[in-house]
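Residues per chain are reported as follows:
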Amino acid sequence: MTPRLALVAFLARDYDEAIDWFRAALGWQLLEDSDMGGGKRWVRMAPDEQAETQFLIARAVGEQAAHVGQHAGGRVGYVLHTADFAAAHARMTAAGVHFEEAPRHEPYGTVAVFRDLYGNRWDLIEPKRQV
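Together, Leu 7, Met 36 and Trp 42 line one region of the surface with nonpolar side chains, adding up to about 270 Å² of accessible area. Among the residues examined, Leu 7 registers a relative accessible area of 31% and is labelled partly exposed.

So, on to the pattern of salt bridges. Inspection of the entire model under this criterion finds nine salt bridges. For the salt bridge of Glu 17 with Arg 13, the shortest nitrogen-to-oxygen distance reads 3.5 Å. Linking Glu 100 and Arg 121 is a salt bridge whose minimum nitrogen-to-oxygen distance equals 2.8 Å. Placement of Glu 100 in the loop between β6 (98-99) and β7 (104-106) and of Arg 121 in strand β9 (residues 121-127) is noted, with a sequence separation of 21 residues between them. Within the structure, one salt-bridge network assembled from shared partners comprises Asp 16, Asp 33 and Arg 41.

Right, let's talk about the environment of Arg 121 for a bit. When the C-alpha positions of Arg 121 and Leu 11 are compared, they lie 13 Å apart, and in sequence the two are 110 residues distant. Apart from residues no more than four positions distant in its own chain, Arg 121 is found in contact with Gly 74, Arg 75, Val 76, Gly 77, Tyr 78, Glu 100, Val 113, Phe 114 and Arg 115. Among the polar contacts made by the side chain of Arg 121, one reaches the side chain of Glu 100 at a distance of 2.8 Å.

For a regular strand, side-chain orientation follows a simple rule: the groups alternate between the two sheet faces. For β9, the buried fraction is high: five of the seven residues fall into the buried class. Pairing of strand β5 (residues 76-81) with β9 involves five bridges; the strand directions are parallel. Considered in β9, the bridge of Leu 80 is made with Leu 124. The pairing of strand β8 (residues 109-115) with β9 spans seven bridges and is classified as antiparallel. Counted as the bridge partner of Val 111 is Ile 125 from β9.

So, on to helix α2 (residues 85-94). Within α2, burial applies to Phe 85, Ala 88, His 89 and Met 92. For α2, the angular spread of buried residues about the axis comes to 100 degrees, placing them on one side. The exposed residues of α2 that point more than 90 degrees off its buried face are Ala 86 and Ala 94. Phi turns positive one or two residues past the end of α2, at Gly 96, with a value near 95 degrees.

The next thing to look at is the nonpolar core. Phe 22, Leu 26, Ile 57, Phe 114 and Trp 122 are the most contacted members of the largest nonpolar core, which has 29 residues in total. Taken together, the elements giving at least two residues each to this core come down to β1 (7-12), α1 (15-26), β3 (40-46), β4 (54-59), β5, α2, β8 and β9. Top element by residues in this core is α1. It accounts for seven residues.

Reading the values: the criteria
- Residues numbered from 1 in each chain as written.
- Predicted model: local features only at pLDDT ≥ 70, side-chain atom pairs only at ≥ 80, totals over all residues.
- Heavy atoms only, no water.
- Patch = residues over 30% accessible without salt bridge, like charges linked within 9 Å, V, L, I, M, F, W, Y side chains within 5 Å.
- Areas by Shrake-Rupley, 256 points an atom, 1.4 Å probe, with all protein chains shown as cover.
- Salt bridge = Lys/Arg side-chain N within 4 Å of Asp/Glu carboxyl O.
- Buried < 20%, exposed > 50% of the residue type's maximum accessible area, 1.4 Å probe, protein only.
- Helix = DSSP H or I, 4+ residues; strand = E, 2+ residues; numbered from the N terminus.
- Contact = heavy atoms within 4.5 Å.
- Polar contact = N/O pair within 3.5 Å; in protein donor to acceptor, adjacent residues only side chain to side chain.
- Pairing = 2+ DSSP bridges.
- Arc of directions from axis to C-beta.
- Core = buried A, V, L, I, M, F, W, Y, C linked by side-chain atoms within 4.5 Å.

Written out as structure tokens, the structure reads:
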């Protein structure tokens, strides 16, 4: 088996708050929500069940709380590809997602930076079609 990146930890203040945001803002699916005891849960989310890489929602505890929203130190830390930028941008904007800029066209595709519920920066990209 070729190694692959299966899960990326996403630090959240609250499990349900993060679940609600990913569902409403990005249209992601809740794949698993298992009680681990002691207030801890195993929560997996992704755009769909076939997504190669999924998010593991991790509730911040103690000193971790200071790092919520700073996953990449202020840089874009996540890149979300879409096949239809205009439709995704419109749906996300209607759901209250804050885009930092108007969509722009780059050699690699159409892109705009947005922030998640905690302020982490993401790129929404429709990759340029290869001819």
